[in-house]
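# A look at the structure
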Amino acid sequence: MAENIPAPIAKIIPKTIEKHGDKRIDNYYWLNDRENPEVIDYLNKENDYYNKMTAHTKQFQKDLFEEMKSRIKEDDESVPYLHNGYYYITRYEKGKDYPIYSRKKGSLSAKEEILFNCNELAKGKSFFQLGGMSVSPDNKFVVYSTDFVGRRIYTLQIKNIETGEILSDKIENVDGRGIWANDNKTIFYTTQDKVTLRSDKVFKHKLGADAKKDVLIFDEKDDTFNVSISKEKSKKYIVIESGSTLTTEFRTLLADTPDAEFKIFQPRVRGLEYSISHYGDSFYIVTNKDKATNFKLMKTPENATSKENWKDVITHRKDVLLEDIDIFKDYLVVSERNNGLNKIRIMPWSGKGEYYLPFESETYTAYTATNVDFDTDILRYSYQSLNTPSSVIDFNMKTKEKEVKKEQQVLGGKFKKENYTEERVWATATDGTKVPISMIYKKGLKKDGKNPLLLYAYGSYGASMDAYFSSTRLSLLDRGFVYAIAHIRGGEDLGRQWYEDGKLLKKKNTFTDFIDCSKFVIEQKYTSPEHLYAEGGSAGGLLMGAVVNMAPELYNGVIAQVPFVDVVTTMLDDSIPLTTGEYDEWGNPNDKEYYDYMKSYSPYDNVTAKAYPNMYVSTGLHDSQVQYWEPAKWVAKLRAVKTDKKLLFLDTNMDAGHGGASGRFEALKELAKEFTFLLDLEGIEK
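Read on for a plain summary of the structure. Since we're looking at a predicted model, the values are computed, not measured. (Residues numbered from 1 in each chain as written. Predicted model: local features only at pLDDT ≥ 70, side-chain atom pairs only at ≥ 80, totals over all residues. Heavy atoms only, no water.)

### Observations regarding the overall build of the chain
Looking only at helices and strands, one finds 12 helices and 37 strands in the chain. The C-alpha radius of gyration of the chain comes to 26 Å, within 12% of the 26 Å expected for a compact globule of 686 residues. Projected onto its principal axes, the C-alpha coordinates of the chain cover approximately 70 × 55 × 50 Å. When burial is assessed residue by residue, the chain has 57% of its 686 residues classed as buried. (Helix = DSSP H or I, 4+ residues; strand = E, 2+ residues; numbered from the N terminus. Rg over C-alpha atoms; globule rule 2.2 N^0.38 Å. Buried < 20%, exposed > 50% of the residue type's maximum accessible area, 1.4 Å probe, protein only.)

### Here we look at the sheet that holds strand β19 (residues 282-287)
One open sheet accounts for four strands, arranged β18-β19-β20-β21; its pairing is antiparallel. The two strands at the open ends of the sheet, each matched to only one other strand, are β18 (274-279) and β21 (311-314). Averaged over all pairs of adjacent strands, the angle between strand axes in this sheet comes to 35°, irrespective of strand direction. The pairing of strand β20 (residues 296-301) with β21 spans three bridges and is classified as antiparallel. Bridge pairing in β21 places Met298 opposite Asp312. (Pairing = 2+ DSSP bridges. Axes fitted to C-alpha atoms, helices over the stretch in contact; angles between N-to-C directions.)

### Focus on helix α11 (residues 629-641)
An α-helical turn contains 3.6 residues, so a residue and the one three or four places further along point in the same direction. Given a rise of 1.5 Å per residue, 13 residues ought to cover 18 Å, and the 18 Å separating the end C-alpha atoms of α11 matches this to within 8%. Here α11 lies mainly inside the structure; 11 of its 13 residues are buried. Every buried residue of α11 is listed here: Trp629, Glu630, Pro631, Ala632, Lys633, Trp634, Val635, Ala636, Lys637, Leu638 and Arg639. (Expected span 1.5 Å × (residues − 1).)

### Quick word on the nonpolar core
The biggest cluster of nonpolar side chains holds 108 residues, and the ones touching the most others in it are Ile437, Met439, Leu455, Phe514, Tyr555 and Trp634. Excluding residues that lie within four positions of it along the chain, Tyr555 makes contacts with Phe514, Ile515, Ser518, Pro529, Leu532, Ala534, Val547 and Pro613. Phe328, Tyr331, Ile344 and Ile346 belong to the second largest nonpolar core, which has 17 residues in total. (Core = buried A, V, L, I, M, F, W, Y, C linked by side-chain atoms within 4.5 Å. Contact = heavy atoms within 4.5 Å.)

### Re the packing of aromatic side chains
Enumeration over the complete set of coordinates arrives at 39 aromatic pairs. Ring-pair connections join several aromatic residues into one group, and the members of that group are Tyr237, Phe250, Phe265, Tyr274, Phe283 and Trp310. Its end group placed over the ring of Tyr29, Lys15 keeps NZ or CZ at 4.8 Å from the ring centre. If you follow Lys637 out to its NZ or CZ, it ends over the ring of Tyr604, 4.8 Å from the centre. (Phe/Tyr/Trp six-rings, centres within 6.5 Å; stacked < 30°, edge-to-face > 60°. Lys NZ or Arg CZ within 6 Å of the ring centre and 35° of its normal.)

### Regarding the sheet that holds strand β12 (residues 199-206)
With antiparallel pairing, seven strands are arranged side by side in an open sheet as β7-β8-β9-β10-β11-β12-β13. Two strands in the sheet have a free side with no partner beyond their single neighbour: β7 (129-135) and β13 (215-219). Across this sheet, the average inter-strand angle for adjacent strands is 35°, counted without regard to direction.

### Looking at the pairing of strand β4 (residues 86-91)
Pairing of strand β3 (residues 81-83) with β4, which is carried by three bridges, proceeds in the antiparallel orientation. If you follow His83 over to β4, its bridge partner there is Tyr86. The antiparallel pairing of β3 with β4 creates a hairpin that spans two residues between the two strands, and Asn84 there sits at a positive phi of about 55°.

### As for the side chain of Arg91
Relative to the helices and strands, Arg91 is located in strand β4. Among the polar contacts made by the side chain of Arg91, one reaches the side chain of Glu93 at a distance of 3.1 Å. Within the local environment of Arg91, its side chain forms a polar contact with the side chain of Glu112, the two groups lying 2.8 Å apart. (Polar contact = N/O pair within 3.5 Å; in protein donor to acceptor, adjacent residues only side chain to side chain.)

### A look at unusual backbone geometry
Despite not being glycine, Asn139 shows a phi value in the positive range, around 70°. Of note, Asn139 is situated in the loop between β7 and β8 (141-147). Even without being a glycine, Asn339 presents a positive backbone phi close to 55°. The topology assignment puts Asn339 in the loop between β23 (331-338) and β24 (341-348).

### Some details on the pattern of salt bridges
The final tally for this structure, using the stated rule, is 49 salt bridges. When the shortest N-O distance is used, the salt bridge between Arg103 and Glu113 registers 3.1 Å. In this pair, Arg103 sits in strand β5 (residues 100-105) while Glu113 sits in strand β6 (residues 112-117), placing the two residues 10 residues apart along the sequence. The class for Arg103 is buried, based on a relative accessible area of 1%. For Asp644, the salt bridge goes to Lys642, with nearest N and O atoms at 2.6 Å. One salt-bridge network, held together by shared partners, links Glu273, Glu492, Arg496, Glu500 and Lys503. (Salt bridge = Lys/Arg side-chain N within 4 Å of Asp/Glu carboxyl O.)

### Digging into the pairing of β20
Two faces belong to every sheet, and in a regular strand the side chains alternate between them. Of the strand pairs in this sheet, β19 and β20 are connected by six bridges, and their pairing is antiparallel. Within β20, the residue paired with Tyr284 across the bridge is Lys299.

### Here we look at the packing of helix α6 (residues 508-523) against helix α7 (residues 539-550)
A packed helix pair is summarised by two numbers, namely the angle formed by the two axes and the spacing between the axes. At a minimum axis separation of 9 Å, α6 and α7 run at an interaxial angle of 65°. If you check the angle between α6 and α7, you find them roughly perpendicular. For the element pair α6 and α7, the recorded crossing hand is right-handed. Residues Thr510, Phe511, Thr512, Phe514 and Ile515 of α6 form the contact with α7, whose own contacting residues are Leu542, Leu543, Met544, Ala546, Val547 and Met550. Here the residues of the contact of α6 with α7 sort into nine nonpolar, two polar and no charged. (Parallel < 35°, antiparallel > 145°, perpendicular 65-115°, else oblique. Left-handed = near helix turned anticlockwise from the far one by under 90°. Nonpolar A, V, L, I, M, F, W, Y, C, P; charged D, E, K, R; others polar.)

### A closer look at the packing of helix α2 (residues 58-70) against helix α12 (residues 666-681)
Relative to each other, α2 and α12 sit at 120°, their axes nearing to 9 Å. On the basis of their axis angle, the class for α2 and α12 is oblique. In this structure, α2 meets α12 at a crossing whose hand is right-handed. Side by side, α2 and α12 meet where Phe60, Gln61, Leu64, Phe65, Met68 and Lys69 of the first sit next to Leu668, Lys669, Leu671, Ala672, Lys673, Phe675, Thr676 and Leu679 of the second. Of the residues belonging to the contact of α2 with α12, the class tally is nine nonpolar, two polar and three charged.

### So, α6
Between its terminal C-alpha atoms α6 stretches 22 Å, which fits the 22 Å expected from 16 residues at 1.5 Å a residue. Among the 16 residues in α6, 12 count as buried, and that is most of the element. If you check which residues of α6 are buried, you get Asn509, Thr510, Phe511, Asp513, Phe514, Ile515, Asp516, Cys517, Ser518, Phe520, Val521 and Ile522. Once α6 finishes, Lys525 follows within two positions and takes phi at roughly 65°, a positive value.

### Let's talk about the environment of Tyr279
Within the secondary structure, Tyr279 sits in strand β18. Spatially, the C-alpha atom of Tyr279 lies 9.1 Å from that of Glu232, the residues being 47 residues apart in sequence. Ignoring anything within four residues of it in the chain, the contact list for Tyr279 reads Tyr284, Ile327, Phe328, Lys329, Trp349 and Phe374. Only 2.7 Å separates the side chain of Tyr279 from the backbone oxygen of Lys329, close enough to count as a polar contact.

### A short note on the environment of Phe283
Positionally, Phe283 belongs in strand β19. Sequence separation between Phe283 and Met133 is 150 residues; the distance between their C-alpha atoms is 26 Å. With residues up to four places along the chain from it excluded, the contact list for Phe283 reads Tyr237, Thr252, Phe265, Ile276, Ser277, His278, Met298, Lys299, Thr300, Glu302 and Thr305.

### Digging into the environment of Tyr42
Within the fold, Tyr42 resides in helix α1 (residues 37-53). Residue Tyr42 is classed as buried on the basis of its relative accessible area, which comes to 4%. Excluding anything up to four places from it in sequence, Tyr42 contacts Pro8, Ile9, Ala10, Trp30, Leu31, Ala632 and Ala636. Looking at Tyr42, its side chain comes within polar contact range of the side chain of Glu46, at 2.8 Å.

All we've got here are geometric facts, nothing functional implied.
Here you go:
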């Protein structure tokens, strides 16, 4: 390992930020300028330092990349689904980074029509993303969007599928997808605020018209709300959703009358969340109305949609979170979560013979997949567990027969699920709460405290981190690692209250839960502080930043991907994308109580002179979710004040945004960097 390479030192330019009479000195605020050549120079120096310090692992990185790639079926394709007379398929070709989207009319033996070959669209570009695509009801046109930077700012265009011609209609600054009315010539789309990237306006475009003359349909003035547009599965309604963290509001329009006015479904009431699904002459509503913390299902006539008309269908249950519904002609399918596990409930509209799909494991994920067909007995769902590759299953709700349409292939001939043990254990948090941990490791593991263990978590926004299969993870498991997911508060893993107990003024539960899970795996001799590693990205990167300040002695190494670490400064800057919409998650620091609480855990504000674990920090220069300067400032400050000589790397992708590299294999190269960081610390060299 390279020892004597000097680390880059960022220059100090003190800036005083004052709020509520409190003065914070930010020595690295100057890094907040993407156009400043000195900033780019500093990021390049950090990249150069990282590359020189890890030069001895470059061959291992390449080998790991090839190893992970070799498990992936390169000429893979999705299970086709039938929609409006056509089978739709996504497929990959060997050696190609991007998908090909195609369709076949009426039968899988019909001639293939290629909608988009993303390899062609991405040619010569360092980043490419196809946003949403939507085919017109008459099957002749497809509206689609592209992003070549990674800031999730898309350009909308229309293609004539029959001739292959790209029409002259071109709409900039949209947030992803266009929605067709039933007349085959009207498209609705949403645009973003140019500074904050908040989706705030809905426009109507007529095929062939000048985009500058598109009609503004809706403008969301409240900067804590985001707007999206969709079409109901019944095809009868086009729907505008306006939502913040705690509140939603819908507007509906008959898809046959695109020039009529949208009607408000139920005006926004702070704290009232609801989502709608149309069926027959009614709407079904998943909502937290009447203090239904875990949500319940209600219904209302389609011509009387305000909340006083809503009637209970499935009442609120304290121990079951109602996550979603899928509506079919003869069945209602309900996605629930109980004791941290997914359940799929089949309820015939006839009211007779409801049942749950049977799942055995305790470390699985099951969810309904693409179910666009309304008049069918077939439910398509996906199932996987920590040691079971993902499969797509067609289940006949009438006969209860199931057909596995596809199981993810792990190539190379070495993988056997029975070679790995998966288990769910429960750690006790400081306040007595039991926190589940899902884990997987090679059979025959000795609990002697000597095993390397990678503990992953997220713990924000009510996002549940379900146990999932990963073929790339095998590269760690086969080298003796235990992989574990901590289902900490702030996610919704154990119901809505689990989320409520890990946000705002209870946010620190997220961090202490992770620390308590870390202590548990050490106490149970799965690992020890010399071999324990932690990983999190984005808001999970905030988690990493908090735990290395609170309990650095527990970890040998930490991976923080695009970490949100400068909480107070970012939340005080309402020009940054996402900030105002985040007040319901973190609190508004313009209020002193929230300011003080945030400041008490904000990773950047709490870096002090002490020993930290080895750390690998990654970011993207064009990230629109967590700006690159947060990790850059954090690393600069850590370098200046930490007292240890352990590794500290900042690796900035100068071409990509929040999701990292866009090609399917490019992303593996980033993963190979993370894995070699861990394996090198363990002294594993191949």
